[in-house]
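# Fold and geometry: a report
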There are 2 protein chains.
Amino acid sequence: MHTLAVTDGRVLRPDGRVTTDDVLIDADAGTIEAIGPDLEGDEVLDASGGLVMPGLVNAHTHVSMTLLRGYADDKPLDAWLREDIWPVEEELTDDDIEAGAELGVLEMIRSGTTAFADMYFAMDRVADVVERAGVRARLGRGIVTVGKDHEEARADLEDGVEFATTYDGAADGRIHTAVMPHSLTTVEESILEEAADLAAAHDLPVHLHANETESEVDPIVSERGIRPIEYADDRGVLGPSSFLAHGVHLDDSEIARLAERGTAVVHCPASNMKLASGIAPVQRLREAGVTVGIGTDGAASNNDLDLFDEMRDAAMVGKLAAADASAVPAPAVVEMATSGGAEAIGVPGGRIEAGAAADLIVVDLESPHLTPAHDLVSHLAYAVRGSDVRHTVCDGSVLMRDREVTTLDADAVMERAGSVAADLVARAE
Amino acid sequence: MHTLAVTDGRVLRPDGRVTTDDVLIDADAGTIEAIGPDLEGDEVLDASGGLVMPGLVNAHTHVSMTLLRGYADDKPLDAWLREDIWPVEEELTDDDIEAGAELGVLEMIRSGTTAFADMYFAMDRVADVVERAGVRARLGRGIVTVGKDHEEARADLEDGVEFATTYDGAADGRIHTAVMPHSLTTVEESILEEAADLAAAHDLPVHLHANETESEVDPIVSERGIRPIEYADDRGVLGPSSFLAHGVHLDDSEIARLAERGTAVVHCPASNMKLASGIAPVQRLREAGVTVGIGTDGAASNNDLDLFDEMRDAAMVGKLAAADASAVPAPAVVEMATSGGAEAIGVPGGRIEAGAAADLIVVDLESPHLTPAHDLVSHLAYAVRGSDVRHTVCDGSVLMRDREVTTLDADAVMERAGSVAADLVARAE
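All of these numbers come straight from a predicted model, not from anything done at the bench. (Residues numbered from 1 in each chain as written. Chains lettered and ligands numbered in written order. Predicted model: local features only at pLDDT ≥ 70, side-chain atom pairs only at ≥ 80, totals over all residues. Heavy atoms only, no water.)

## Describing the relation of the copies chain A and chain B
- With an RMSD of 0.0 Å, the operation that places chain A on chain B is a rotation of 180° combined with a shift of 0.0 Å along the axis. The operation mapping one copy onto its partner corresponds to a two-fold rotation axis. Residues of chain A ranked by C-alpha distance from the rotation axis are headed by Ser387(A), positioned 3.6 Å from it.
- The overlap is high: 100% of the interface residues of chain A also sit at the interface in chain B, so the same surface is used on both sides. (Least-squares fit on C-alpha atoms with pLDDT ≥ 70 in both. Contact = heavy atoms within 4.5 Å.)

Have a look at this one:
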């Protein structure tokens, strides 16, 4: 057994306590072996002056869209998609998607994210990046049927299911998959039902966008006379492994339905603000017992993949939505970004405890902006940012040591992404 | 003339264009001498791979409250003040205030802020820190009369006016002052009027909190039958040099009145979200022609002094408030954080142009989270953070070079602040 000792730091425990301990990792098994004083390992990761905490889980993103960071801002969702994003996406090659995934995964490792859920295209190329970079992910090909005839729509579904069944368990189990119909309004009813059936048959989760904007809710209500979550449930989409992105416009009956089915919601506060979609009722969802994770959505509507930013956004905007400054407190956002996110997307990690997956990060605490240290959990929610992450460990392997990413060549990734993005935009214009 | 050349970077011009130029600074005069190719100076500041832009202006804060960062979170404004903040503030010594100011100014220099407006107590000690640290500030003693008899209230006013008249122009002109009655509900009517009269007599601005929460608006409306901005105007508080913090709850008549009087508003989006106060109508204020700056408020309700965070918050939440994703676009937040803020608080700076004050920063652009570079102004609003600032220059002097602050000893400041904060909290409990 090859071991890694994370030494001399403070440790954030699952119950919110912060203790002064070492953490011993079984690097072969990828698990936490022990937590306690004076642990020795074959290899040492210095955590002095730092906090050892679970790696963050970005529970909804489109990592390859990092290529479009800052390409089009300050426009509403519909116009932004139609005028800017979709025309560029039509020009995307598989190589572009890989380059974008490398850039996004690099940014996530540097800002403390060890696992993410991703919906996009050419997902074999994204899976390749996940394998090389050493992170954990739940991946799925986005299935969209709008503007397609039934045969094309079925082909899309088959591609999605083929990717999911082929890649589930890849990269020594770090890659998980899901069947990912894009949304309730961009996938035709029969394909949505088939997607849910096939996911169940293969024991895979369903992941989709839901209730993001009012313009997505209204047609379902007016055409079918029911709310979107009821429609989704009737199609068989909801269940204990399913997870929905956004959930901005949810009424009480929908929240109750999600709680009853055990379906998780991924809160994407920055994207929902930036596209003026609204604010998800996170406090009400949590009170109803719904598991809530946090996602950045794509960098084109954020514009970064720093989950610490997103935690701060979640805490801030949660108070606005509830008109209550005690809503969505610091411990809740830390939980949503770690164990809540891991549970929502169904991956290991999210807890520093013996036997858990060794997905953890060390956050530097000795900075002016983190002084004084009245409350470290408050700092995680409100003051820490991705650039404070010193080391990143996933599945027992060190992915970043002293801010140097070990599994990707940062300069090469940035150069490739910059060049690919410039070519892509030139082709689309 | 001693000159400083900021070389090989890109330069953000006042009209929003980004050019590739050097910037030559007359360090003795503290002004920008020239912008153009191949400029040579006695001293060089390398801006290669970076963007030269105006230093940021934090237009409303209480810098010494940095000592209380994370001390009490997730509570509404009234309870937070009564139960947590005021009891600790009663224990504050002048030394504590100086230690907190050092910590906050250190954090601001490191995150690219070169000027700030501050309202607090023991302002001579804050002024001392401003002088030593090399930043620019508009300072004022907070005048509060609630719970005081008329003699005590007058003494408070006199202290405030004495500080303002004594320190205006100090630190070679880097220190400006104002008369700062705390708010419309915490200062009695006659003292508010006297404060306005004395400010006018001494040609000083008035700065105060206004329309921050509904619970501050309601008593004025119910007791006086007029809105707070009308009440303020009747007391003589408004005018072209005055600036108000928050302005969350403003109706159209109040916005029109502010525009008419030329009174600026300082938007504090993070604090207003965190205390669930609401969202200021920034888009409507700007459309009405009101000058808007951006402030962090104190770190106890934020919990940092990073104005890049605040710019992102302003862009995000501005869209929510207007229910329009095109509201408060990236160029607007950059303007509010630079020239708008400088204008709001009445200090030089905010523009990179010949003759302007040499208050500028260099932002590193070569990071994964700033790749690709479709639009640098978008990056400034949505993706850059304080830790990307490489150099900070104020009044022609280098305050931070390659992330090393030159005017304050960062380790000593953090150690002092940590120890002082722990003692302070122990005394209050």
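## So, the pattern of salt bridges
Residues and elements named next belong to chain A.
- The final tally for this structure, using the stated rule, is 85 salt bridges over all chains.
- Where arginine 69 meets glutamate 107, a salt bridge forms, and the shortest distance between an N and an O atom there is 2.8 Å. Placement of arginine 69 in the loop between strand S6 (56-61) and helix H1 (77-91) and of glutamate 107 in helix H2 (residues 94-110) is noted, with a sequence separation of 38 residues between them.
- Exposure remark for arginine 69: the relative accessible area of 0% places this residue in the buried category.
- On the accessibility criterion, glutamate 107 (4% relative accessible area) is buried. (Salt bridge = Lys/Arg side-chain N within 4 Å of Asp/Glu carboxyl O. Helix = DSSP H or I, 4+ residues; strand = E, 2+ residues; numbered from the N terminus. Buried < 20%, exposed > 50% of the residue type's maximum accessible area, 1.4 Å probe, protein only.)

## Concerning the sheet that holds strand S11 (residues 207-210) of chain A
Residues and elements named next belong to chain A.
- Pairing in this open sheet of four strands is parallel, and the strands run S11-S12-S13-S14 from one edge to the other. Strands with a single pairing partner mark the edges of an open sheet, and in this sheet they are S11 and strand S14 (292-294). Taking the axes of each pair of neighbouring strands and ignoring which way they run, one obtains an average angle of 30° across the sheet.
- Bridging between S11 and strand S12 (residues 243-246) involves four bridges; their strand directions are parallel. By the bridge assignment, histidine 207 is partnered in S12 with phenylalanine 243.
- Seen against the sheet, helix H11 (residues 307-322) touches strand S13 (264-267) and S14 and runs at an angle of roughly 130° to S14. (Pairing = 2+ DSSP bridges. Axes fitted to C-alpha atoms, helices over the stretch in contact; angles between N-to-C directions.)

## As for the domain arrangement of chain A
Residue and element names in this part refer to chain A.
- Domain annotation for chain A reports domain 1 (3-54 + 356-405) and domain 2 (56-345).
- With 24 residues of domain 1 at the interface, the matching set in domain 2 holds 25 residues.
- Buried surface at the junction of domain 1 and domain 2, both sides included, amounts to about 1,900 Å², of which 67% is carbon and sulfur.
- Interface area lost by domain 1 to domain 2 is led by Ala381, Tyr382 and Leu399, which between them contribute 27%.
- Our count for the domain 1 to domain 2 interface comes out at two salt bridges.
- Aspartate 359 is the salt-bridge partner of arginine 136, the closest N and O atoms lying 2.7 Å from each other. (Domains from an automatic or database assignment. Buried area = accessible area lost by both parts, 1.4 Å probe.)

## Brief notes about the UniProt feature "domain: Amidohydrolase-related" (unreviewed entry) in chain A
- UniProt annotation of "domain: Amidohydrolase-related" (unreviewed entry) refers to residues 51-398 of chain A when read in the numbering used here.
- Helix makes up 44% of residues 51-398 of chain A and strand 17%. Its end C-alpha atoms lie 16 Å apart. (UniProt positions renumbered as here; feature names shortened; annotations may be inferred.)

## Here we look at the sheet that holds strand S13 (residues 264-267) of chain B
Residues and elements named next belong to chain B.
- As summarised here, the arrangement of the four strands in space is S11-S12-S13-S14, forming an open sheet in which the pairing is parallel. Two strands lie at the open edges of the sheet, namely strand S11 (207-210) and strand S14 (292-294), each paired on one side alone. Direction aside, the axes of adjacent strands within the sheet are offset by 30° on average.
- The sheet contact formed by strand S12 (residues 243-246) and S13 spans three bridges and is parallel. Looking at the pairing, leucine 244 lines up with valine 265 of S13.
- Packing against the sheet, helix H11 (residues 307-322) makes contact with S13 and S14, and its axis sits at approximately 130° to S14.
- Along the sheet, helix H12 (residues 330-345) makes contact with S12, S13 and S14, crossing S14 at roughly 110°.

## Let's talk about the interface of chain A and chain B
- Listed as interface residues are 61 residues of chain A and, on the opposing side, 61 residues of chain B.
- Seen at the junction of chain A and chain B, the total is 14 salt bridges.
- Note that Arg312(B) is salt-bridged to Asp309(A), the shortest N-O span being 3.6 Å.
- Summed over the shared surface of chain A and chain B, the number is 29 residue pairs in polar contact (both at pLDDT 80 or more).
- At the level of elements, H2, helix H9 (269-274), H11, helix H12 (330-345), helix H13 (376-382) and helix H14 (410-428) of chain A are the ones that each hand at least two residues to the side of chain A that touches chain B.
- The dominant element in the side of chain A that touches chain B, judged by the number of residues it contributes, is H11(A), at eight residues.
- Across the side of chain A that touches chain B, the residue classes tally to 29 nonpolar, 14 polar and 18 charged. (Polar contact = N/O pair within 3.5 Å; in protein donor to acceptor, adjacent residues only side chain to side chain. Nonpolar A, V, L, I, M, F, W, Y, C, P; charged D, E, K, R; others polar.)

## Remarks on a negative patch on the surface
- On the surface, Glu366(A), Asp8(B), Asp38(B), Glu40(B), Asp46(B), Asp402(B), Glu404(B), Asp409(B), Asp411(B) and Glu415(B) cluster together into a patch of negative charge.
- Here Glu415(B) is to be found in helix H14 (residues 410-428). (Patch = residues over 30% accessible without salt bridge, like charges linked within 9 Å, V, L, I, M, F, W, Y side chains within 5 Å. Areas by Shrake-Rupley, 256 points an atom, 1.4 Å probe, with all protein chains shown as cover. Lys, Arg positive; Asp, Glu negative; His and termini not counted. Charge placed at Lys NZ, Arg CZ, Asp CG, Glu CD.)

## With respect to the packing of helix H2 (residues 94-110) of chain B against H14(B)
All names here are of chain B.
- Look at H2 against H14: their axes get within 9 Å of each other, and the N-to-C directions meet at 135°. Our classification of the angle between H2 and H14 gives oblique. The handedness of the crossing between H2 and H14 comes out as left-handed. Contacts between H2 and H14 involve Asp95, Asp96, Glu98, Ala99, Glu102, Leu103 and Leu106 on the former and, on the latter, Ala410, Val413, Met414, Arg416, Ala417, Val420, Leu424 and Arg427. (Parallel < 35°, antiparallel > 145°, perpendicular 65-115°, else oblique. Left-handed = near helix turned anticlockwise from the far one by under 90°.)

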